[in-house]
Amino acid sequence: MKLINHLLIIFLFSMILFSNSANSCTTFCINTDNELVFGKNYDFDIGYGIVLVNKSGVFKTAYTIDETPAEWTSKYGSVTFNQFGREFPMGGMNEAGLVVELMWLDETVFPSADDRASVGGILQWIQYQLDNCETIQEVIDTDKFLRIPEGSITVHYLITDKFGKTATIEFLKGQLVQHSGDALKYPTLTNDSYEKSLEYAKIFKGLGGSRMLNGTTSSLDRFTTSCTMLNNYSKEKNGNAVDYGFEILKNVSQGRATKWSIIYDIRNMKVYFKTLESSNIKTIEFAGLDFNCSDPVKMTDINSDAEGNIVPLMTDYNMQVNRDLIEESYNGVEFLKDIPGEERDKAALYPETLGCQN
């Protein structure tokens, strides 16, 4: 399926999305005997967004100009946080308990074109993994047959599954590089490569060295702050992991640049989030969600003033909301203001091309 033959929206917004070093993010995982929590600060210039309940059993063809777009049927439903349209999430969790989140990484080099099928950029890669995978090993294995197109914006990913396994996924010199198990000493990631971040952290007290934490909001210092706080956590001393996760996010916040703070409680299949515009903590309980393909997709404004369980407050998705979100977000980013309306329309209409697998 060829939806665009000259301009791929997802690549264009990506070129500006993370180009400012201040627009960066922090992720981490807290894993104890009875708690499994994943945290994410999304730092950027704009905070518009919708939270979507994506369905299982949906047949999809990748939104890409590549000659061999990937095709798949979603195996799992998911909850995602979307800023530039449905099917292009910034991150999320699926009903199998897999969490995928991204951050900027300058060193990224995606592979050159080959005989593998491709997805429509760095965000649709996230949706593909949430649609299809239960474990981090399954995500890693998709590299055998799936690729992010060469020239896509430079990011890396932190991923955790319900079995408590966490991995970093980076694309360096055209190859997938992952750290997991014993190779992942600290399950956290910011905006430098994991190896560079780990080497930096070693000089600080409690992480192998004697130097006191700098406490700045640079990528490497946010990494060391997160490592230190993860090392220091105990439920008896610090309370439950969800609350402590928000405390870590507070300590690595970049002030008004931090637009969303999200906690995924994987063990209990709940999502907690708050935003710069709405400090009320909202929750989504997977037990109350409907992932049946034949039923309407549900959504909510990420900046809603609601509080607590918002599942009963979610409304049916419609294309106009998606189009309005694209309009607002594109207009809020200087580089995207010149993208013509017809291209915005195509991005908004893409979900309308998807259907339930018979």
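Above this text you will find the structure in question.
Now for a look at the structure at hand. On a predicted model such as this, the values are computed, not experimentally measured, just so you know.

All right, on to the sheet that holds strand E20 (residues 315–316) then. With antiparallel pairing, the 9 strands of this open sheet are ordered in space as E13-E12-E11-E8-E7-E6-E3-E18-E20. Two strands bound the open sheet, and with one partner strand each, they are strand E13 (175–180) and E20. Pairing of strand E3 (residues 50–54) with strand E6 (residues 78–82) involves 5 bridges; the strand directions are antiparallel. Bridging across to E6, Val53 finds its partner in Val79. Strands E3, E6, strand E7 (89–94), strand E8 (99–104), strand E11 (155–160) and strand E12 (166–172) of the sheet are contacted by helix H2 (residues 122–132), whose axis makes an angle of about 5 degrees with E7.

Taken as a whole and assessed by the stated rule, the structure comprises 1 disulfide. The residue that forms a disulfide with Cys293 is Cys356, at a sulfur-sulfur distance of 2.0 Å. Disulfide Cys293 to Cys356: torsion about the S-S bond roughly -105 degrees, handedness left-handed. Of this pair, Cys293 sits in the loop between strand E17 (282–285) and strand E18 (298–301) while Cys356 sits in strand E21 (residues 355–356), and the two are 63 residues apart along the sequence. Cys293 gets classed as buried once you look at its relative accessible area, which sits at 18%. Take Cys356: its relative accessible area is 38%, and that puts it in the partly exposed class. The closest cysteine sulfur to the non-disulfide-bonded Cys25 is located on Cys227, 17 Å from its own sulfur.

Right, let's talk about the pattern of salt bridges for a bit. One pass over the structure, following the stated rule, counts 17 salt bridges. Here Lys55 ties to Asp290 by a salt bridge, and the two come within 4.0 Å at their closest N and O atoms. Of this pair, Lys55 sits in the loop between E3 and strand E4 (58–61) while Asp290 sits in the loop between E17 and E18, placing them 235 residues apart in sequence. When its relative accessible area of 36% is taken as the criterion, Asp290 is described as partly exposed. Shared partners join several salt bridges into a network, and the residues in it are Lys60, Arg86, Glu87 and Asp131.

Among the secondary structure elements, Thr190 is positioned in the loop between strand E14 (188–189) and helix H4 (194–201). For Thr190, a relative accessible area of 0% puts it in the buried group. Polar contacts involving the side chain of Thr190 include one to the main-chain carbonyl oxygen of Ser219, which spans 2.9 Å. Beyond its immediate sequence surroundings of up to four residues, Thr190 is in contact with Cys25, Thr26, Met103, Trp104, His156, Ser197, Ser219, Arg222 and Phe223.

Aromatic ring pairs are defined here through the distance separating the ring centres and the angle between the ring planes. Evaluation of the coordinates by the stated rule reveals 18 aromatic pairs. Considering the side-chain rings of Tyr194 and Phe223, the 5.9 Å spacing of their centres and the 75 degrees angle between planes classify their relative orientation as edge-to-face. Taken together, the residues span a long stretch of sequence, with Tyr194 in helix H4 and Phe223 in helix H5 (residues 219–232) at a distance of 29 residues. The exposure classification of Tyr194 matches that of Phe223, with both residues buried. Feature note: the residues Phe38, Tyr42, Phe44, Phe81, Trp260, Tyr264 and Phe273 constitute an aromatic cluster, connected by ring pairs. Lying across the ring of Tyr317, Arg86 places its NZ or CZ 4.5 Å from the centre.

Let's shift gears to the packing of H4 against H5. Describing two packed helices takes the angle between their axes plus the distance from one axis to the other. Running from N to C, H4 and H5 cross one another at 70 degrees; their axes reach a closest spacing of 9 Å. By the criterion of interaxial angle, the relationship of H4 to H5 is roughly perpendicular. When you trace H4 past H5, the crossing you get is right-handed. The segment H4 lies against H5, with Tyr194, Lys196, Ser197, Leu198, Tyr200 and Ala201 engaging Leu220, Asp221, Phe223 and Thr224. Looking at the contact of H4 with H5 residue by residue, the class counts come to 6 nonpolar, 2 polar and 2 charged.

Thresholds, definitions, all that
- Residues numbered from 1 in each chain as written.
- Predicted model: local features only at pLDDT ≥ 70, side-chain atom pairs only at ≥ 80, totals over all residues.
- Heavy atoms only, no water.
- Pairing = 2+ DSSP bridges.
- Helix = DSSP H or I, 4+ residues; strand = E, 2+ residues; numbered from the N terminus.
- Contact = heavy atoms within 4.5 Å.
- Axes fitted to C-alpha atoms, helices over the stretch in contact; angles between N-to-C directions.
- Disulfide = S-S within 2.5 Å.
- Buried < 20%, exposed > 50% of the residue type's maximum accessible area, 1.4 Å probe, protein only.
- Salt bridge = Lys/Arg side-chain N within 4 Å of Asp/Glu carboxyl O.
- Polar contact = N/O pair within 3.5 Å; in protein donor to acceptor, adjacent residues only side chain to side chain.
- Phe/Tyr/Trp six-rings, centres within 6.5 Å; stacked < 30°, edge-to-face > 60°.
- Lys NZ or Arg CZ within 6 Å of the ring centre and 35° of its normal.
- Parallel < 35°, antiparallel > 145°, perpendicular 65-115°, else oblique.
- Left-handed = near helix turned anticlockwise from the far one by under 90°.
- Nonpolar A, V, L, I, M, F, W, Y, C, P; charged D, E, K, R; others polar.

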